[in-house]
Amino acid sequence: MSETVRTAGAPRTARAPRPTKAPRTARPPRSPMAPPRAFLWTRRIFLTLLAGFVLVPVYVMVSSSLKPLADVTGTFHWLPSELTIRPYIDIWSTVPLAKYFVNSLIVAGAATVCSVVIAVFSAYAVSRYSFRGKRVFTVTVLSTQMFPGILFLLPLFLLYVNIGNATGIALFGSRGGLILTYLTFSLPFSIWMLIGYFDSVPRDLDEAALVDGCGPLGALFRVVVPAAIPGIVAVAVYAFMTAWGEVLFASVMTNDTTRTLAVGLQGYSTQYDVYWNQIMAASLVVSVPVVAGFLLLQRYLVAGLTAGAVK
């Protein structure tokens, strides 16, 4: 390796400056109100475990609904060896699922409409007017939620049978009787929830509507109800879910003609076999209306559940 010899008097060659490293950007100081890092990591781990706890059963349900019956009843495998949509076709012929679906829609829809209409009038009267027994009424409405539903099963059964024998009105085994049964559970909570929401709506809106010539009903439908749409939607979703997935009263108060989906799913379990893949497929089909309703009304639902909580 040759070296360069610098002669006397020769000018010294200036060395190129070494490239300097860019200074590291200092991290912004943590806010004194920020949670500790250990808390953040604990929250992430907990939420990850919670998501797995929720999503793993959903995956098992979906994968089982796409397997043949022999694969479902045998050793469980996380990855299906064969995919088929046959269970989604057979669920409509194994049991009259379409009839059960129509019954559930009629019963849940009618119970929801009745709950919302009655709760709007009742909650508006309690929120805007003073009358004797107002506090007793609100406490009684709320206290009905403390008792389990099975306590009302035998009294309602005897009441419907006696009314049918005395008047000829068939409440037992009919859709109308089931709708009335569901109102006894959804209506008290709906009234109590809307009372708190109507209390959060300023009374000045009512007074302005009355000054403009509206009556009490005009103020209710033109001013208060549009301002209370999130709370009404939350009440409607609650009433629909209560009626859609109820099993106890539907198994006693219905017959083969008026049976709902929650009870009709038992038809996939016969004396000789259990069609697990069809049960999973039917469960997913049954959950579609509820999931679709949540996705469409979620912003109203969140606003309705939180409004009126702080006065």
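Before reading further, recall that the structure is shown in the block above.
Given the structure is predicted, the values throughout are model-derived calculations rather than measurements. (Residues numbered from 1 in each chain as written. Predicted model: local features only at pLDDT ≥ 70, side-chain atom pairs only at ≥ 80, totals over all residues. Heavy atoms only, no water.)

### Digging into the packing of helix α7 (residues 175–200) against helix α10 (residues 229–244)
Link 1 in the chain: At a minimum axis separation of 10 Å, α7 and α10 run at an interaxial angle of 165°. Here α7 is positioned roughly antiparallel relative to α10, judged by the angle of their axes. Where α7 crosses over α10, the two elements pack in a sense that is right-handed. Contacts between α7 and α10 involve Y182, F185, S186, F189, S190, M193, L194 and Y197 from the first element and P230, G231, I232, A234, V235, Y238, A239 and A243 from the second.
Link 2 in the chain: For the contact of α7 with α10, the per-class residue count stands at 13 nonpolar, three polar and no charged. (Axes fitted to C-alpha atoms, helices over the stretch in contact; angles between N-to-C directions. Helix = DSSP H or I, 4+ residues; strand = E, 2+ residues; numbered from the N terminus. Parallel < 35°, antiparallel > 145°, perpendicular 65-115°, else oblique. Left-handed = near helix turned anticlockwise from the far one by under 90°. Contact = heavy atoms within 4.5 Å. Nonpolar A, V, L, I, M, F, W, Y, C, P; charged D, E, K, R; others polar.)

### Re the packing of aromatic side chains
Link 1 in the chain: Going through the model one piece at a time under the given rule, you end up with 11 aromatic pairs.
Link 2 in the chain: Ring geometry for F101 and W244: centres 5.7 Å apart, planes at 85°, overall edge-to-face. Taken together, the positions of F101 in helix α4 (residues 97–128) and W244 in helix α10 put the pair 143 residues apart, joining distant regions of the chain. The same class applies to F101 and to W244, which are both buried. (Phe/Tyr/Trp six-rings, centres within 6.5 Å; stacked < 30°, edge-to-face > 60°. Buried < 20%, exposed > 50% of the residue type's maximum accessible area, 1.4 Å probe, protein only.)

### Topic: the side chain of S115
Link 1 in the chain: Along the polypeptide, S115 turns up in helix α4.
Link 2 in the chain: For S115, a relative accessible area of 0% translates into the label buried.
Link 3 in the chain: In contact with S115, not counting residues within four places along its chain, are L183, S186, L187, S190 and A239.

### Things to note about the pattern of salt bridges
Opposite charge on two side chains allows them to pair when their charged atoms are near.
Link 1 in the chain: Under the defined criterion, the tally for this structure stands at three salt bridges.
Link 2 in the chain: With its nearest N and O atoms 3.2 Å apart, the salt bridge here joins D90 to R86. Taken together, the positions of D90 and R86, both in helix α3 (residues 86–94) and four residues apart, correspond to about one turn of that helix.
Link 3 in the chain: On the basis of relative accessible area, R86 is assigned to the partly exposed category, the value being 48%. (Salt bridge = Lys/Arg side-chain N within 4 Å of Asp/Glu carboxyl O.)

Geometry only, nothing functional implied.
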